[in-house]
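Listed below, chain by chain, are the residues.
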Amino acid sequence: MALVNDIAVWILLGLGSFFYLVGAIGLVRMPDLFTRMHAASVSETLGAGLLLLAMMLAAGWSLNAAKLAVILGILFFTGPVATHALAQAALTAGLKPQLAEDRTRKNGARAAKRGGGK
Amino acid sequence: MFAAATVAILAVLALATIRTLKGPTVFDRVLGANSIGTGAILLLATVGFLTGRPEFLDIGITYALLNLIGTLAVLKFFRYGDLSHAGEEPKD
Amino acid sequence: MRLVSLWIVLTCFWLLMSGHYTGMLITLGVVSAAGTVLLAQRMGIADSEGHPIHLLARAVIYWPWLVLEIAKSAWRVTWIVLDPALPISPTLLRVRSSQKTTGGRATYANSITLTPGTISVQLDGDDIIVHALEKAGADSLEDGDMDRRVTWFEGAR
């Protein structure tokens, strides 16, 4: 039973590190701010989630596992708030995303009247 | 096995630092700093496991809470120029 | 009842953080949790939005679906990042949120942001302006599956 647990911890740690690294690589590779944020959200959801899950398994039924669960909960509830605030602040400051297609323009006249989807 | 995860997290921190230093806009830097914050939380947790000192987890929780507040404070500061602004409408 | 539940949750949080279970520390925790509940009551944040216990039953069904969705789209974004050609097609789109409460709308916007590949950029009345990493992600969001699920999650009120 302990062996199964160890193997699960190994697999989760490996997968978590992989996704976490991929997000960081995207953070450096992507061409502009908004696409970088997509890459960062990979590492902040799946990467961090799997790593914390692995540590929870390694800790077993203890106070530490509960604390790790609290960290996981905080990350999942505050992550999107920070990301959204960042995206909105960037857009309000006039940063234009590089777009392949802007569907806010053709979808409805309201967007066009307001001067477009920025 | 936690050593491998620690190395991965350190690599992520290095990449996020590159993004923070390179910019080019201030928002890229904030994004990089936010990623560094998340990395610091995970690093605290794994180092806690490596050294067998789970007290680090408490610091991790504090960092997780501070990370959001720090990001929002920096964004608000760059938008309004002061932190006491109510934030309902821009100044001009 | 909502206040009692908040008090129990806060006391559990205290016990979790302290890790010392002597009589005096537990008493201190119980008392300070009660004080926090009183403060929250006076500030008016201990309402259905601040402490939504009525959503708990639906959350048990909605959250696993959301986690699965996060894993699926994270997998897609992973291969985009690792592809040497970097095949992105960033799209800005406008989705309608059919939720009635502000909490429900915030849940929808946060769910969009939490899913890698889509970020809610701005709220505009009933609409959410979303930045998607690729056109396929924008299409699947426009199908409105997540919108329906969040509307169900918020409950008919």
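My aim in this report is to walk through the structure given alongside it, one point at a time. Not measured: the values here are computed from a predicted model. (Residues numbered from 1 in each chain as written. Chains lettered and ligands numbered in written order. Predicted model: local features only at pLDDT ≥ 70, side-chain atom pairs only at ≥ 80, totals over all residues. Heavy atoms only, no water.)

So, helix 3 (residues 63-92) of chain A
Count 3.6 residues to each turn of an α-helix, and residues three or four apart come out pointing the same way. Residue and element names in this part refer to chain A. Convention followed: Each helix corresponds to a stretch of at least 4 residues labelled H or I by DSSP, and each strand to a stretch of at least 2 residues labelled E; elements are numbered beginning at the N terminus. To estimate the expected span of a helix, count its residues, drop one, and scale the result by 1.5 Å. Axes are fitted to the seven residues ending at a residue and to the seven starting at it; the angle between these axes is taken as the bend at that residue.
Its 30 residues give helix 3 an end-to-end C-alpha distance of 43 Å, which sits within 8% of 44 Å, the value for a rise of 1.5 Å per residue. Where helix 3 bends most, at threonine 78, the angle is about 30°, and the proline proline 80 comes one to four residues later. Just downstream of helix 3 lies glycine 94, where phi reads positive at about 95°.

Structural notes on the pattern of salt bridges
In plain terms, the rule: Should a side-chain nitrogen of Lys or Arg be within 4 Å of a carboxyl oxygen of Asp or Glu, the pair is scored as a salt bridge. Think of it in three bands: with a 1.4 Å probe and only protein chains considered, a residue is buried below 20% of the maximum accessible area for its type, exposed above 50%, and partly exposed in between.
Taken as a whole and assessed by the stated rule, the structure comprises seven salt bridges over all chains. For Asp58(B), the salt bridge is made with Lys67(A), and the minimal N-O distance between the two is 3.0 Å. You can see Asp58(B) sitting in helix 3 (residues 56-80) and its partner Lys67(A) sitting in helix 3, one on each of two chains. With a relative accessible area of 26%, Asp58(B) lands in the partly exposed category. For Glu69(C), the salt bridge goes to Lys72(C), with nearest N and O atoms at 3.6 Å. In this pair, Glu69(C) and Lys72(C) are both assigned in helix 3 (residues 56-82), three residues apart and thus about one turn of the helix distant. Lys72(C) gets classed as partly exposed once you look at its relative accessible area, which sits at 48%.

Thoughts on the nonpolar core
Rules: Definition used in this section: a nonpolar core is a set of buried Ala, Val, Leu, Ile, Met, Phe, Trp, Tyr and Cys residues joined via side-chain atoms within 4.5 Å. The contact definition used throughout considers only heavy atoms, calling two residues in contact when any of these lie within 4.5 Å.
Among the nonpolar cores identified, the biggest contains 42 residues, and Leu13(A), Met30(A), Leu51(A), Leu52(A), Met55(A), Ile9(B) and Leu42(B) are the most heavily contacted of them. The element that contributes the greatest number of residues to this core is helix 2 (residues 33-59) of chain A, accounting for nine residues. Those residues within four positions of Leu42(B) in sequence are excluded, and the remaining contacts are Tyr20(A), Ala48(A), Leu51(A), Leu52(A), Met55(A) and Ile9(B). Of all hydrophobic cores here, the second largest spans 20 residues; its members include Tyr62(C), Leu66(C), Leu141(C) and Val150(C).

A look at the sheet that holds strand 1 (residues 91-96) of chain C
Through backbone hydrogen bonds, the strands of a sheet pair up, either in parallel or in antiparallel fashion. The condition that has to hold: Only when DSSP finds a minimum of two bridges between them are two strands counted as paired. Only the stretch in contact is used when a helix axis is fitted, and all axes are lines through C-alpha atoms; the angle between N-to-C directions ranges over 0 to 180 degrees.
Taken in spatial order, the four strands make up an open sheet running 1(A)-1(C)-3(C)-2(C), and their pairing is mixed. Among the strands making up the open sheet, the edge pair consists of strand 1 (101-102) of chain A together with strand 2 (118-124) of chain C. In the sheet, strand 1 of chain C pairs with strand 3 (residues 127-132) of chain C via six bridges, with the strands oriented antiparallel. For Val95(C), the partnering residue across the bridge sits in strand 3 of chain C and is Ile128(C). Against the sheet, helix 2 of chain A engages strand 2 and strand 3 of chain C, with an angle of about 120° to strand 2 of chain C.

Remarks on the interface of chain A and chain B
Going by this rule: By definition, the buried area sums, over both parts, the 1.4 Å-probe accessible area that each loses when the two are put together. Each polar contact in these results corresponds to two N or O atoms within 3.5 Å; when the atoms are within protein, one needs to be able to donate a hydrogen and the other to accept it, and residues that are neighboring in sequence are counted only if both atoms are side-chain atoms. Three classes are used, and their members are as follows: Ala, Val, Leu, Ile, Met, Phe, Trp, Tyr, Cys and Pro are nonpolar, Asp, Glu, Lys and Arg are charged, and the others, Gly among them, are polar.
Contact with chain A, which involves 40 residues of that partner, is made by 38 residues of chain B. Roughly 3,500 Å² is buried in total at the junction of chain A and chain B, and carbon and sulfur atoms are behind 81% of that figure. Applying the counting criterion to the chain A and chain B interface returns two salt bridges. We note a salt bridge from Asp28(B) to Arg36(A), for which the minimum N-O separation is 2.3 Å. Applying the counting criterion to the chain A and chain B interface returns six residue pairs in polar contact (both at pLDDT 80 or more). Those elements giving two or more residues to the side of chain A that touches chain B turn out to be helix 1 (2-29), helix 2 and helix 3 of chain A. Broken down by element, the residue count for the side of chain A that touches chain B peaks at 15 residues, all from helix 3 of chain A. For the side of chain A that touches chain B, the class distribution of residues is 32 nonpolar, four polar and four charged.

Concerning helix 6 (residues 145-154) of chain C
Residues and elements named next belong to chain C. To keep things clear, this is the line we draw: The arc in question is formed by the directions pointing from the helix axis toward the C-beta atoms.
Of all the positions in helix 6, only Met146, Asp147, Val150, Phe153 and Glu154 are classed as buried. What you see down the axis of helix 6 is that its buried residues fit within an arc of 125°, all on one side. Positioned one or two residues after helix 6, glycine 155 has a phi angle of 85°, which is positive.

A word on the packing of helix 2 of chain A against helix 2 (residues 26-51) of chain B
Axis angle and axis distance: for two packed helices, these are the angle between their axes and the distance between the axes, and together they describe the pair. Our working definition: Orientation labels follow simple angle bins: below 35 degrees gives roughly parallel, above 145 gives roughly antiparallel, 65 to 115 gives roughly perpendicular, and whatever is left gives oblique.
Where helix 2 of chain A meets helix 2 of chain B, the axes come as close as 11 Å, and the angle between the chain directions of the two elements is 10°. In terms of orientation, helix 2 of chain A and helix 2 of chain B fall into the roughly parallel class. Here Leu33(A), Arg36(A), Met37(A), Ala40(A), Glu44(A), Ala48(A), Leu51(A), Leu52(A), Met55(A), Ala58(A) and Ala59(A) of helix 2 of chain A come into contact with helix 2 of chain B, specifically with Phe27(B), Asp28(B), Leu31(B), Asn34(B), Ser35(B), Thr38(B), Leu42(B), Ala45(B), Thr46(B) and Phe49(B). Tallied by class, the residues present in the contact of helix 2 of chain A with helix 2 of chain B amount to 14 nonpolar, four polar and three charged.

Function cannot be inferred from these measures alone, as they are strictly geometric.
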